[in-house]
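Structure assessment
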Amino acid sequence: MRKPFIFLISLVVVMFTMTSCDWLTGESDQSPEIYSSYFYVNPVFEGDSIISAQDTLYAHQSTEVETVYQMDSLTLGDTVFFAPTFYTHSQDLVSIKIDWDTAQFDFTMSIPESISKHITNQSDITKGQLFFNPGFNRVSFPCYFTAKEYGRLPLKLTVASTSQFSPTSVTINIPIKKPE
């Protein structure tokens, strides 16, 4: 009888030490996350809905690095549409940064009014830098990019929150193929 009781107590102790909650204040603390919609190539819109696209790209996780994704190849001049979601769970969203090489491709973030009224004056949408007032924990907006040269183009998405496990980054490598 004593061994099952000790095992149960040990299991409870391990469970409490492995969680990311602050048991004194009752708050959880998790690293922020980045999700994305499908990547649509040369989409056709009707209003704000995509009614068709030339292709849908697939991004698969690289085996070498956990936060690097390899995307299907594109042709030079293709326009890609996607909508990333930045989520910070119960923590406040601090900033979002999207890094790209302006010599390799054009990138545009389409920030709606409902989001832009909550960003601070430090933000620079043209450079992919958004800083938020407290009170936001999830945001999603449409993005577009068009390749200007051949090669493997990196796109880095970063989200920062008030979590001790912040920031979180994801890099997407986009190969641009030469015509045969």
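Residues numbered from 1 in each chain as written. Predicted model: local features only at pLDDT ≥ 70, side-chain atom pairs only at ≥ 80, totals over all residues. Heavy atoms only, no water.

When you go through the protein chain residue by residue, the secondary structure sums to 2 helices and 19 strands. Within the protein chain, the fraction of its 180 residues that count as buried is 35%. Within the protein chain, contacts between residues separated by at least 24 positions form 69% of all contacts whose residues are at least 6 apart in sequence. As presented, the protein chain carries roughly 11,100 Å² of accessible surface, and 54% of it is formed by carbon and sulfur atoms. (Helix = DSSP H or I, 4+ residues; strand = E, 2+ residues; numbered from the N terminus. Buried < 20%, exposed > 50% of the residue type's maximum accessible area, 1.4 Å probe, protein only. Contact = heavy atoms within 4.5 Å. Areas by Shrake-Rupley, 256 points an atom, 1.4 Å probe, with all protein chains shown as cover.)

Moving on: the pairing of strand β6 (residues 49-52). Two elements, strand β5 (residues 44-46) and β6, share 3 bridges in a ladder whose sense is antiparallel. Along β6, the bridge assignment pairs V44 with S52. Connecting the antiparallel pair β5 and β6 is a turn made up of 2 residues, with G47 showing a positive phi of about 70°. (Pairing = 2+ DSSP bridges.)

What follows deals with the environment of P167. Relative to the helices and strands, P167 resides in the loop between β18 (151-161) and β19 (168-177). Along the primary structure P167 and E33 are separated by 134 residues, whereas in three dimensions their C-alpha atoms are 9.1 Å apart. Not counting residues within four places of it along the chain, the set of residues in contact with P167 comprises T158, V159 and A160.

What follows is about the nonpolar core. Core analysis: the biggest nonpolar cluster contains 35 residues, and I96, I98, F107, F141 and F145 have the highest contact counts within it. Apart from the residues lying within four places of it in its own chain, the contact partners of I96 are F86, G128, Q129, L130, F132, V139, F141, T158 and V159. (Core = buried A, V, L, I, M, F, W, Y, C linked by side-chain atoms within 4.5 Å.)

Time to look at the environment of F141. Structurally, F141 can be placed in the loop between β16 (138-140) and β17 (143-147). Separated by 57 residues in sequence, F141 and P84 have C-alpha atoms that sit 6.4 Å apart. Residues within four places of F141 in sequence aside, it is in contact with F82, A83, P84, F86, I96, I98, M109, S110, I111, P112, I115 and L130.

Evaluation of the coordinates by the stated rule reveals 1 salt bridge. D106 is paired through a salt bridge with K148; the nearest N and O atoms lie 3.3 Å apart. With a gap of 42 residues between them, D106 in strand β14 (residues 105-109) and K148 in the loop between β17 and β18 connect regions that are remote in the sequence. Given a relative accessible area of 41%, K148 falls into the partly exposed group. (Salt bridge = Lys/Arg side-chain N within 4 Å of Asp/Glu carboxyl O.)

This part covers the packing of aromatic side chains. Enumeration over the complete set of coordinates arrives at 12 aromatic pairs. A ring pair is formed by F105 and F145, whose centres lie 5.6 Å apart and whose planes are at 55°; its orientation type is tilted. Here F145 lies in strand β17 and F105 lies in strand β14, a separation of 40 residues in the sequence. With respect to burial, F105 and F145 carry one shared label: buried. In textbook terms, an aromatic cluster arises when at least three aromatic residues are bridged by ring pairs, as seen for F39, F82, W100, F105, F107 and F145. Sitting over the face of the ring of Y87, R138 holds its NZ or CZ atom 3.9 Å from the ring centroid. (Phe/Tyr/Trp six-rings, centres within 6.5 Å; stacked < 30°, edge-to-face > 60°. Lys NZ or Arg CZ within 6 Å of the ring centre and 35° of its normal.)

The strands making up a sheet associate through hydrogen bonds between their backbones, and the pairing can be parallel or antiparallel. Spatially, β3-β12-β16 is the arrangement adopted by the 3 strands of the open sheet, whose pairing is antiparallel. Each of the sheet's edge strands pairs with one partner strand only, and the pair in question is β3 (33-36) and β16. Adjacent strand axes in the sheet meet at a mean angle of 15° when their direction is disregarded. (Axes fitted to C-alpha atoms, helices over the stretch in contact; angles between N-to-C directions.)

By themselves, these observations are geometric and do not establish any function.
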